[in-house]
Amino acid sequence: MNARQGDFTLTTALLAIGALPAAAHDGEPHASAFPWTFDPWIVTPIAIAGGLYALGSVKFQQRANRPLFAINSGILYWTGWLSLVSALVSPLHFLGEHLFTFHMIEHELVMAVAAPLVVLARPVGIFLWGLPRPLRHLVRDVMKTGLVWRTWNALSAGTPATLLHGLAIWVWHAPTLFDAAVSDILLHRLQHLSFFATAVIFWWAMIWRSDRGMAAWHLFLTMLHTSILGALIALSPQVAYLSQTRMAQEWGLTPLEDQQLAGMVMWGPGGIIYAGAALAMLALWIAGSSRGGLNASRVHS
Amino acid sequence: GGSQSALDAQGYSGALLRDLIVLIVVVCLVVWIGVMIMLAWSLTRRRDGQAGDSRGSEQRLGVWVSGAVAATVLIIGGLTILSFQTTRSLDRAGDPDLTIRVRAQQWWWQFVYEDADAGSFQTANEIHIPVGKEVRVRLESTDVIHSFWVPSLGGKQDLVPGRENLLTLRAERPGVYRGQCAEFCGLQHSHMAFFVIAEEEESYRQWAATQRQPGAQTGEAEASAGKAVFMARRCAACHTIRGTGATGTTGPDLTHVGSRRTIAAGLMDNTRGSLAAWIADPQTLKPGNNMPLVPLTGDELRQLSAYMESLK
Amino acid sequence: MVTDADLDEAELERQLARTWTSKPGFWGAIASVDHKVVARRYIVTAFVFLILGGILALAMRLQLSQPEARFVDADRYNQIFTMHGSNMMFLFAVPVMEAMAVYLVPLMVGTRNIAFPRLNAFSYWLFLAGGLLLWISFALDTAPDIGWFAYVPLSGPEYGAGKRADIWAQMITFTEVSALAIAVEIVVTVFKQRAPGMSLDRIPLLVWSMLVMAFLVIMAMPAIMFASSTLIMDRLVGTHFYNPAEGGDALLWQHLFWFFGHPEVYIIFLPAVGMVSTILPTFVQRPVFGYLPLVMALIATGVLAFGLWVHHMFVVGLPRLGESFFTASSMSIAIPAGVQIFCWLATLWSGRPVFKTPLLFVIGFIITFVIGGLTGVMVASVPFDAQVHDTYFVVAHFHYVLIGGAVFPLIAAVYYWFPKMTGRMMSERLGQWAFWLIFISFHLTFFPMHILGLQGMPRRIYTYQPDLPWAGLNLFVSLSAIILSLGFLVFFIDAIRSWSFGRPAGDNPWNAPTLEWATSSPPPPYNFRSIPVVDDRNPLWSQPDALPVSSGLRTDRRELLITGVVEALPEARESSPQDSVWPFWAAIATSVMLIWSIFSPWAVVWGSIPIAIALIGWFWPKGEAEDES
Amino acid sequence: MKERVVLDVSRLPLHGMGIASATWWGTYAFMLIEGSGFGLAIVVYFYLMFLAPQWPVDAPAPDLWAGTALTALLVASVLPNIMVSRWAQKRNLKRVRIGLIVMSLCGIAPLVFRVFEFPALHIRWDDNAYGSIAWTLLGLHTIHVLTDLIDTLVLTCLMFSRHADNTRRYGDVEDNALYWNFVVITWLPLYACIYWVPRL
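Reference entry: report on the structure contained in this document.

**Considerations on the overall build of chain C**
Working step 1: Along chain C, the regular secondary structure elements total 19 helices and three strands.
Working step 2: The C-alpha atoms of chain C give a radius of gyration of 25 Å, which matches the 25 Å a tight globule of 629 residues would have.
Working step 3: Considering only C-alpha atoms, chain C reaches an extent of 80 × 60 × 50 Å along its principal axes.
Working step 4: Within the span of chain C, comprising 629 residues, buried residues form 73% of the whole.
Working step 5: Residue pairs at least 24 apart in sequence account for 81% of intrachain contacts in chain C once pairs closer than 6 positions are excluded.
Working step 6: Here chain C has roughly 17,400 Å² of accessible surface; of this, 69% comes from carbon and sulfur atoms.

**Things to note about the sheet that holds strand 9 (residues 175–180) of chain B**
All names here are of chain B.
Working step 1: Read from one edge of the open sheet, three strands run 4-10-9, paired in mixed fashion. Each having just a single partner strand, strand 4 (126–130) and strand 9 make up the two edges of the open sheet. Sheet twist, expressed as the mean angle between neighbouring strand axes with direction ignored, is 25°.
Working step 2: Across the sheet, helix 3 (residues 201–212) lies against strand 4 and strand 10 (193–199), angled at about 140° from strand 4, the strand it touches most.

**Observations concerning the environment of D:Thr136**
Working step 1: Of note, D:Thr136 is situated in helix 4 (residues 129–159).
Working step 2: C-alpha separation for the pair D:Thr136 and D:Asp165, spaced 29 residues apart in sequence, amounts to 40 Å.
Working step 3: Setting aside anything within four residues of it in sequence, one finds D:Thr136 in contact with C:Phe226, C:Met233 and C:Phe241.

**Comments concerning the interface of chain C and chain D**
Working step 1: Each partner contributes to the interface: chain C provides 67 residues, whereas chain D provides 50 residues.
Working step 2: Buried area between chain C and chain D, both sides added, is near 5,100 Å², and the carbon and sulfur share of it is 67%.
Working step 3: Three residues stand out in chain C for area buried against chain D, namely C:Phe226, C:Arg573 and C:Ser629, and they jointly supply 11% of the buried area on that side.
Working step 4: Linking chain C to chain D there are two salt bridges.
Working step 5: Note that C:Arg529 is salt-bridged to D:Glu3, the shortest N-O span being 3.5 Å.
Working step 6: The tally of links between chain C and chain D comes to 24 residue pairs in polar contact (both at pLDDT 80 or more).

**Remarks on the interface of chain B and chain C**
Working step 1: Between chain B and chain C, the residue contacts involve 80 residues of the former and 78 residues of the latter.
Working step 2: For the pair chain B and chain C, the summed buried area comes to about 6,500 Å², and 66% of that belongs to carbon and sulfur atoms.
Working step 3: It is B:Leu43, B:Lys156 and B:Phe184 that lose the most area in chain B upon contact with chain C, and together they represent 10% of the buried surface on that side.
Working step 4: For B:Arg163, the salt bridge is made with C:Asp249, and the minimal N-O distance between the two is 2.8 Å.
Working step 5: One can count 22 residue pairs in polar contact (both at pLDDT 80 or more) joining chain B with chain C.
Working step 6: Of the residues contributing to the side of chain B that touches chain C, the split by class is 39 nonpolar, 29 polar and 12 charged.

**Let's talk about the pattern of salt bridges**
Residue and element names in this part refer to chain B.
Working step 1: All told, the structure shown has 41 salt bridges over all chains when counted by the stated rule.
Working step 2: Between Arg 101 and Glu 164 there is a salt bridge whose closest N-O contact spans 3.4 Å. Placement of Arg 101 in strand 1 (residues 98–105) and of Glu 164 in the loop between strand 7 (157–159) and strand 8 (165–169) is noted, with a sequence separation of 63 residues between them.
Working step 3: Look at Arg 101 and you get buried, because its relative accessible area is 14%.
Working step 4: Arg 272 is the salt-bridge partner of Glu 309, the closest N and O atoms lying 2.9 Å from each other. Highlighted residues: Glu 309 in helix 8 (residues 298–310) and Arg 272 in helix 6 (residues 272–280), separated in sequence by 37 residues.
Working step 5: Each of Arg 101, Arg 103, Glu 114, Arg 138, Glu 140 and Glu 164 takes part in one network of salt bridges that share partners.

**Some thoughts on the sheet that holds strand 3 (residues 121–124) of chain B**
By way of backbone hydrogen bonds, the strands of a sheet pair with one another, either parallel or antiparallel.
All names here are of chain B.
Working step 1: Spatial strand order, 3-2-1-5-8: five strands in an open sheet with mixed pairing. At either end of the open sheet lies a strand with only one pairing partner, and these are strand 3 and strand 8. Mean inter-strand twist for the sheet, computed between neighbouring axes without regard to direction, equals 25°.
Working step 2: Inspection of the sheet shows strand 1 paired to strand 2 (residues 108–113) by six bridges, in the antiparallel sense. Its bridge partner being in strand 2, Gln 105 is matched across the sheet by Trp 108.

**What about the side chain of C:Ser600?**
All names here are of chain C.
Working step 1: Mapped onto the fold, Ser 600 is located in the loop between helix 18 (582–596) and helix 19 (603–619).
Working step 2: When its relative accessible area of 19% is taken as the criterion, Ser 600 is described as buried.
Working step 3: Among the polar contacts listed, one links the side chain of Ser 600 to the backbone nitrogen of Trp 602, at a separation of 3.0 Å.

**Things to note about the packing of helix 4 of chain D against helix 5 (residues 167–196) of chain D**
Residue and element names in this part refer to chain D.
Working step 1: Packing of helix 4 against helix 5 brings their axes to within 10 Å, and their N-to-C directions diverge by 160°. Overall, the two elements helix 4 and helix 5 adopt an arrangement that is roughly antiparallel. At the point where helix 4 passes helix 5, the crossing takes the left-handed sense.
Working step 2: When its residues are assigned to classes, the contact of helix 4 with helix 5 shows 16 nonpolar, five polar and four charged.

**Thoughts on the pairing of strand 9 of chain B**
Residues and elements named next belong to chain B.
Working step 1: Taking burial as the measure, the six residues of strand 9 include five buried ones, the bulk of the element.
Working step 2: When strand 9 meets strand 10, the two strands line up antiparallel, connected through six bridges. Looking across to strand 10, one finds that Tyr 177 is bridged to Val 196.

**Structural notes on the packing of aromatic side chains**
Working step 1: Evaluation of the coordinates by the stated rule reveals 102 aromatic pairs over all chains.
Working step 2: Ring centres of C:Trp344 and C:Phe365 lie 5.5 Å apart, and the angle between their planes is 70°; this geometry places the pair in the edge-to-face category. You can see C:Trp344 sitting in helix 11 (residues 334–350) and its partner C:Phe365 sitting in helix 12 (residues 357–380), a full 21 residues away along the chain. No difference in accessibility class separates C:Trp344 from C:Phe365, as the two residues are buried.
Working step 3: The residue whose ring lies beneath A:Arg122 is A:Trp208, and the NZ or CZ to ring-centre distance is 3.7 Å.
Working step 4: Taking the ring centre of D:Trp125 as reference, the NZ or CZ of D:Arg124 above it sits at 4.6 Å.

**A look at unusual backbone geometry**
Residues and elements named next belong to chain B.
Working step 1: Here Gln 106 and Trp 107 are connected by a cis peptide whose omega angle stands at -10°.
Working step 2: Considering the arrangement of structural elements, one finds Trp 107 in the loop between strand 1 and strand 2.
Working step 3: One non-glycine residue, Arg 234, lies in the positive phi region at around 70°.
Working step 4: Residue placement: Arg 234 occurs in the loop between helix 4 (221–232) and helix 5 (235–238).

**Describing helix 8 of chain B**
All names here are of chain B.
Working step 1: Between its first and last C-alpha, helix 8 extends 18 Å over 13 residues, near the 18 Å set by a 1.5 Å rise per residue.
Working step 2: Restricting attention to buried positions, one finds in helix 8 the residues Glu 300, Leu 301, Leu 304, Ser 305, Ala 306, Tyr 307, Met 308 and Ser 310.
Working step 3: Structurally, helix 8 contributes buried residues whose contacts are with helix 4, helix 5 and helix 6.

**What about the packing of helix 14 (residues 392–422) of chain C against helix 15 (residues 428–454) of chain C?**
Residue and element names in this part refer to chain C.
Working step 1: Here helix 14 crosses helix 15 at 165°, and the two axes come no closer than 7 Å. Taken together, the axis directions place helix 14 and helix 15 in an arrangement best described as roughly antiparallel. Seen from above, helix 14 lies across helix 15 with left-handed handedness.
Working step 2: Taken together, the residues that form the contact of helix 14 with helix 15 break down as 19 nonpolar, seven polar and no charged.

**A short note on the nonpolar core**
Working step 1: In terms of nonpolar packing, the biggest core is built from 436 residues, with B:Phe148 and C:Trp417 touching the most fellow members.
Working step 2: By residue number, the principal contributor to this core is helix 4 (residues 74–109) of chain C, which donates 24 residues.
Working step 3: If sequence neighbours within four positions are ignored, C:Trp417 has contacts with C:Met100, C:Leu104, C:Met108, C:Leu206, C:Met275, C:Thr278, C:Ile279, C:Glu516 and C:Trp517.
Working step 4: With 21 residues, the next largest nonpolar core counts B:Cys235, B:Ile263, B:Ala264 and B:Met268 among its residues.

**Looking at the side chain of B:Thr255**
Residue and element names in this part refer to chain B.
Working step 1: With respect to the element layout, Thr 255 can be found in the loop between helix 5 and strand 11 (262–263).
Working step 2: Look at Thr 255 and you get buried, because its relative accessible area is 0%.
Working step 3: A distance of 3.1 Å separates the side chain of Thr 255 from the backbone nitrogen of Arg 242, its partner in a polar contact.
Working step 4: At 2.5 Å, the side chain of Thr 255 and the side chain of Asp 253 are in polar contact.
Working step 5: In this structure Thr 255 touches Gln 213, Pro 214, Gly 215, Thr 240, Ile 241, Arg 242 and Leu 311, once residues within four positions along its chain are discounted.

Cut-offs and rules
Residues numbered from 1 in each chain as written. Chains lettered and ligands numbered in written order. Predicted model: local features only at pLDDT ≥ 70, side-chain atom pairs only at ≥ 80, totals over all residues. Heavy atoms only, no water. Helix = DSSP H or I, 4+ residues; strand = E, 2+ residues; numbered from the N terminus. Rg over C-alpha atoms; globule rule 2.2 N^0.38 Å. Buried < 20%, exposed > 50% of the residue type's maximum accessible area, 1.4 Å probe, protein only. Contact = heavy atoms within 4.5 Å. Areas by Shrake-Rupley, 256 points an atom, 1.4 Å probe, with all protein chains shown as cover. Pairing = 2+ DSSP bridges. Axes fitted to C-alpha atoms, helices over the stretch in contact; angles between N-to-C directions. Buried area = accessible area lost by both parts, 1.4 Å probe. Salt bridge = Lys/Arg side-chain N within 4 Å of Asp/Glu carboxyl O. Polar contact = N/O pair within 3.5 Å; in protein donor to acceptor, adjacent residues only side chain to side chain. Nonpolar A, V, L, I, M, F, W, Y, C, P; charged D, E, K, R; others polar. Parallel < 35°, antiparallel > 145°, perpendicular 65-115°, else oblique. Left-handed = near helix turned anticlockwise from the far one by under 90°. Phe/Tyr/Trp six-rings, centres within 6.5 Å; stacked < 30°, edge-to-face > 60°. Lys NZ or Arg CZ within 6 Å of the ring centre and 35° of its normal. Expected span 1.5 Å × (residues − 1). Core = buried A, V, L, I, M, F, W, Y, C linked by side-chain atoms within 4.5 Å.

Structure follows, in C-alpha cells:
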C-alpha cells in the first residue's frame with residue numbers, strides 16, 4: 001500500500017465524502033465528475049416526503065401553539081431527510097456503485113443515521129397536515145383500520161422489529177444477493193427500501209414503543225450482530241463480493257482491501273452508533289426509575 | 001551478541017516505532033503526573049469547617065470532571081492520529097529490493113533467498129541483508145505459530161500455518177541485529193533466535209555469491225573424514241549440503257554452516273568445540289529439539305565437527 | 001401459617017434461625033445452600049489458589065533470576081507459566097470476584113438468600129473439582145504446557161501430545177459452568193430480589209458492577225466453552241476446526257478465545273471498580289460523586305469489551321487498512337475509565353479522607369491503575385504494540401491492571417468487609433505494614449518489566465543467554481518479588497489471626513451507608529430480621545435512627561420478597577429452597593462425565609445418566625412448606 | 001439497628017408467575033447463554049464459509065427432505081406447546097396432562113428425522129472443517145431437543161404424581177413450554193444455515 005492509498009484510508013475512515021478529491025486525483029475516468037444519481041424511483045418518494053413535510057409544517061405552524069416542538073422535530077426531520085438524500089442521491093450513491101466501502105457508508109447512513117433521525121422527528125402528523133383535506137381523512141381512516149394498526153403494532157414490538165431488521169441486514173449481505181443488487185437496479189432499489197423500511201420500524205420500536213431497558217438490550221444485540229457481520233466481512237481472506245469490489249482497482253485499492261474496509265465501516269462506526277444509542281436508552285431508564293411519583297407512595301402503602 | 005532492543009533502533013521501521021514509543025510514553029507520563037497531582041491535592045487539601053457538598057460546589061466538581069473527560073477524549077484522539085501517521089509511514093511505496101522467504105519451525109528458522117536470475121539458496125538462523133535496501137520477508141510456518149521479531153529493525157509479525165504474512169525491513173546502519181521468536185511455540189521457544197547481519201551492498205553481494213556456491217571441499221584430512229562420517233551416519237537424511245549427496249530437508253541446510261555466527265538457533269557461538277558438543281549431545285543442550293542423538297566415537301565426532309567448521 | 005407481624009424481636013429471631021440455619025455435621029455442611037457459607041468457601045478456596053499461583057510465580061522468578069539457570073527445566077517451566085496464568089485467571093481472579101458477589105449482593109440488595117441457592121452450591125463443588133483436576137495434573141507432571149491461551153496448533157492434535165491440552169480445556173469447562181451458574185444467580189437476584197423501593201437508580205455501585213460482570217460472563221463465556229469443546233473434538237474425534245489443511249483456521253481459535261478473553265479482563269476489573277466506588281465514599285464520609293456517570297461507565301466498559309478482542313491479535317496479520325479503526329476502538333476504553341477515575345478524585349476532593357487500610361489500598365489502586373491504564377493506551381496503538389506485543393512490557397502492563405487494578409481493591413474489600421463476614425476487625429497496624437510492603441514491592445517487581453520488554457525480552461521464555469542485557473533487571477525483579485510475597489504473607493497472617501482473635505466489630509464499624517451494614521456482623525443465616533424498605537441510595541445515612549422495614553413474611557418456611565425490575569415494587573412472597581445434598585452429587589456426576597470425556601466421546605452419553613438422576617433428585621418436590629403456593 | 005415497619009407484604013401471593021417468578025428469569029438467562037452458544041456456532045459456520053474457496057467444501061449441498069420435515073414438525077409443535085402453556089396458566093390439570101403427553105411425543109418425533117439428517121449431509125465430521133461445523137450445529141441442537149425432551153418426560157411423570165396440582169408445577173410447565181419454543185426458534189436459523197446457505 002502506498003502513501004496515496006494511505007491518504008485514501010484516512011479520509012475514508014474519518015471524513016467519508018470529504019475524501020473524494022484525494023481519492024481520485026490520478027485522472028481516472030471518473031475523476032472529473034461525481035455525478036448525482038437521479039433515479040426517478042428513488043428521487044420521487046424522497047421529493048414527495050420533503051414536499052409533504054414542508055407543506056405540512058407550514059400549515060401546522062399556522063394552527064399549532066407548540067412552535068418549539070415543531071422546530072425541534074423539524075431539525076431532526078430535515079437532518080434525517082438530508083442524510084437520506086446524501087446517501088441515495090448525492091455522488092455518494094454513485095461511488096457506492098463503484099466501491100464497496102462507500103456502499104457500506106451509504107447503508108450505514110440510511111439505517112443508522114437517517115432512519116433514527118426521521119423516527120425521532122415523528123413526522124406522520126406533519127405529513128398528514130401536508131395532504132389535502134379529503135386525502136388526509138382517507139389516509140387517517142386507513143391508518144386507523146384494525147388490520148393496519150395490528151400489523152404495525154405486531155411489527156414494531158421490540159423483538160419482531162429487531163429480528164426483522166437483523167434479517168434484512170444479514171440476508172442482503174449474502175454475497176450472491178449483494179452482488180446481484182449491484183448489477184440489477186430493481187434489486188438495488190429493493191435493497192435500499194428494505195434497509196430503510198426495516199430500520200424505521202426498528203428505531204420506532206426502540207425509541208417510541210419499547211420499555212427503555214428492552215430497547216437498550218435490543219440495540220446492544222443489534223450492535224453485536226452487525227459488528228460480527230462486519231468483522232466476518234473484514235477478516236475474510238477471500239474476496240466474497242466479486243462484482244461489488246470489481247472496480248476497486250481504479251480507486252487504488254485491491255478488491256480485498258475494499259471489502260476489508262467496508263467490513264470495518266460496519267464493524268466500527270456502525271457499531272458505535274448502536275452502542276451509543278443503547279447506552280443513552282439505559283441512562284434514561286436508570287435515571288427515570290424512581291421518578292413519576294409511583295415509587296414512594298406505592299411502597300409505603 | 002547483537003542488538004535486540006526496541007529502544008536501540010537501527011532500521012527505518014525501528015526508528016519510526018521508537019519515536020512513536022517515546023512520544024506516547026512522554027504524553028502518558030504527563031497525564032499520569034497530572035492525575036497524581038490532582039490525587040495528592042484531593043488528599044491533602046485543607047478542609048474548612050463546613051462539609052463541602054453544597055449544591056454550588058457539586059456543580060463546580062461536575063465541570064471539572066467533564067473537562068477532564070473531554071481532555072481524555074482529545075488525548076486519545078491525538079494518540080490515534082499519531083499511531084495512524086506512523087502506520088502510514090511504515091507502509092511506504094516501492095517494490096522490495098530483495099525478498100526472503102521465512103519458514104519458521106520448532107525451533108529454528110529457515111531462510112530462503114528467492115532469486116530467479118542468480119539462483120536461490122537457503123540459510124538457517126542467520127540472514128545477511130544490504131544496508132539501506134527494502135527487504136521483504138514472506139513469513140510462513142510449517143508447524144505451529146511463531147513470531148518474527150528483530151526489535152532493532154522493526155516490529156514483529158506472526159507466522160501462522162496456512163497463511164502468509166509480510167514484513168519489510170530496512171537497516172539504516174551496518175550491524176548485527178538479534179531477533180527472536182516472540183510467540184510461544186513449545187518446549188524450546190526460548191532458544192529460537194536468529195541474526196540479521198546488515199552490511200554494505202558490496203560485502204552483501206560477496207556473501208550471497210559465496211552462499212550460492214556448493215559446500216566447500218577442503219583438502220584437510222580430518223574434514224574429509226568428517227564428510228564420510230556425515231554421509232554414513234544418517235546426518236544426510238535430515239540435512240542438505242549442496243554439492244554432496246546430502247539432500248535431507250527436515251533439518252537446516254548446512255552447506256555453509258561454518259560461516260554462521262551461532263548454531264542451534266542462537267544457542268551457542270559457532271566454534272569447533274561447540275559444534276562437537278552439539279553433535280555429541282543435542283538433547284542436553286536444547287532438550288526436546290528434533291535432532292536425534294547419533295552415537296559417534298570420539299574420532300568420528302572430531303572429524304565431523306572439523307568438517308562442519310570447514311563448510312564456510 | 002406464621003408471619004413475622006406479631007412476634008417480638010427475640011421470638012422472631014428464634015423462629016427465623018430455626019427455619020434458615022443449616023443442619024450441623026458433615027452432611028449438613030455439604031448440603032448448606034446459605035449464600036454466605038458457599039461464598040466463604042469460594043473465597044477461601046480462591047485465596048488458596050492465589051497462594052499456589054504465587055508460589056508458581058516465585059518459581060518462575062527463581063529460574064529467571066540469572067541467565068541460563070537450571071532450577072527449572074523447559075518442560076516444567078512451560079507447565080508453570082501455563083498453570084500460573086490459568087490458575088490466576090480461572091481459579092482465582094474470576095471466582096474470587098464472583099464469590100464476593102455471592103456474599104455481598106444478597107446483603108446489599110436486602111434479601112435473605114441468593115436466587116437459585118442450590119445452583120450456587122453446585123457451582124462451588126464444580127469449581128473445586130476443576131481446580132483439583134488442574135492441580136492434581138500438575139502434581140503428576142502432566143499439567144498443560146500450552147499457555148493460558150492454548151493457541152492452536154500448539155495445543156492441537158498434532159503438536160499437543162498426551163492429555164495435557166485436554167486437561168486445560170476441560171478445566172475451562174468446569175470453571176466456566178460454575179461461573180455461568182453464578183452469573184445467572186446474580187442477574188436474577190439483582191433483578192427480582194431487591195428490597196422494596198430500591199429502584200434502578202438506588203442500586204449500590206458494587207451491585208451494579210456485579211450485574212454488569214454477570215452479563216459479561218453470560219455473553220462471553222459461551223465463546224470459550226465453544227472453543228474448548230471444539231478443541232477437544234479436534235483432538236479426540238478428528239474434527240478440523242483448527243486445521244488449515246482441511247478448511248479450518250488457526251486464527252479462528254484466537255478470535256473465539258479473545259472474544260471471551262477480552263471481556264474476561266473486565267469480568268475481573270469491573271467488580272474491583274464497584275468495590276472502589278463502595279469503599280471510597282465510606283472513608284470520605286460523603287456520597288460518591290457522579291453516581292449515574294459511574295453506572296454508565298461500568299455499562300459502557302461492558303459494551304465496549306465486546307468490540308475489542310482483536311487488540312490481542314495486532315501482529316497476526318490483520319487487514320492493514322483496519323489498523324486505525326482497531327487503534328481508535330481500543331483506545332476508546334480509556335473514556336469510561338477516565339470518567340471513573342475523575343469521579344473518584346472528585347469524591348476524594350470533596351470529602352474528608354480517613355486513612356484506614358482499605359482507603360490506603362484504594363489510593364494505591366488509583367496510583368497503580370492509572371499507570372496500567374496508560375500502558376493500556378500504549379498497547380492499544382497498533383504500531384506501538386508491534387514492538388511490545390508478547391514481551392515483558394505486556395507482562396508488566398497486565399499485572400498493573402490485574403494486581404493494581406483488581407487485587408488492590410480486592411484486598412481493600414477484604415479489610416473493609418472482613419468485620420461483616422467474621423464479626424471481627426482486622427489489625428490496622430498489620431494492615432498498614434501489608435499495604436506499604438505490597439505497594440512498594442509491587443512497583444519494584446513489575447515496573448522494571450516495562451523496560452525489559454522494550455529491551456527485547458519476550459514472554460514465556462524459560463531462560464536467556466548471558467550476553468543479553470537483561471540479567472541485572474531480572475535479578476532485581478526476582479528479589480523484589482520476594483518482598484512482594486512477604487507483603488502478601490503479612491496480609492494472610494493478619495486475616496487468619498483476626499478471624500479468631502480480632503477486635504469485635506459491631507454492626508457498622510465504618511459508618512457505611514449500604515444495607516449490608518444494617519444487620520449484625522456476621523449476618524444471621526436469614527440475613528435480615530425484616531426486609532428493609534429503601535428510599536435513598538445511601539439508606540443508612542439518610543435513615544440513621546431507625547431502618548424502615550417491611551413485615552408480613554412467613555417464618556415457618558424460607559421466604560423472601562420478589563420485587564419488580566425497575567422500581568422494585570413488591571410482587572410476591574417466594575420460598576427459597578431448603579438445604580440439599582443433591583447439588584453435591586450432581587457436581588460429582590458432572591465431574592465424572594467431564595473428566596471421562598477427555599478419554600472417550602461416549603462419556604457424554606453414559607455420563608449423562610447419573611447427572612440426570614442427580615438433577616431429578618434435586619428438583620423433585622418434597623411436599624414441604626417450600627412447595628406451598 | 002432499630003426498625004420501623006412501613007410496609008406490609010402479607011397479602012402478596014406465596015408464589016409469583018411469569019415475570020414475577022425467579023425461575024422464569026432464570027430460564028431466560030439460560031436461554032441467553034445457550035442462544036449465545038448457537039449464535040457463535042453460526043458465526044463460526046460463516047467464518048469458515050468466508051474462508052473457503054468454495055462452499056460446501058468437497059460435498060454436495062445436503063439433502064433437504066429430512067431437515068425440512070423436521071422443521072415442519074417443530075414449527076407445528078409450537079401450537080400444542082402454546083396450548084399447554086395456556087392450560088397451565090388456567091391450572092387445568094387434565095388438559096395439562098394430555099398436553100404434556102402430546103409434547104413428549106412432539107419431542108420424540110423430531111429425533112427420528114434427526115437420525116436421517118446426519119447422512120443427508122453427505123460428509124463426515126472428520127472429513128473437513130465444513131463437515132465438522134455442520135455436524136456440530138446438528139449435534140448442538142440435538143442435545144437441546146434431548147434435554148428438553150427429558151425435562152418434559154420428568155414433568156409429565158410429576159404431573160401424574162401427588163405434587164401435580166400446585167401453582168409451582170404449573171409454573172414449571174410454562175417454563176418448559178418457553179424452553180421448547182426456544183428450541184424451535186433457534187432451529188430456524190440453523191436450518192437456514194445448514195440447508196439453504198450451501199445452495200446460495
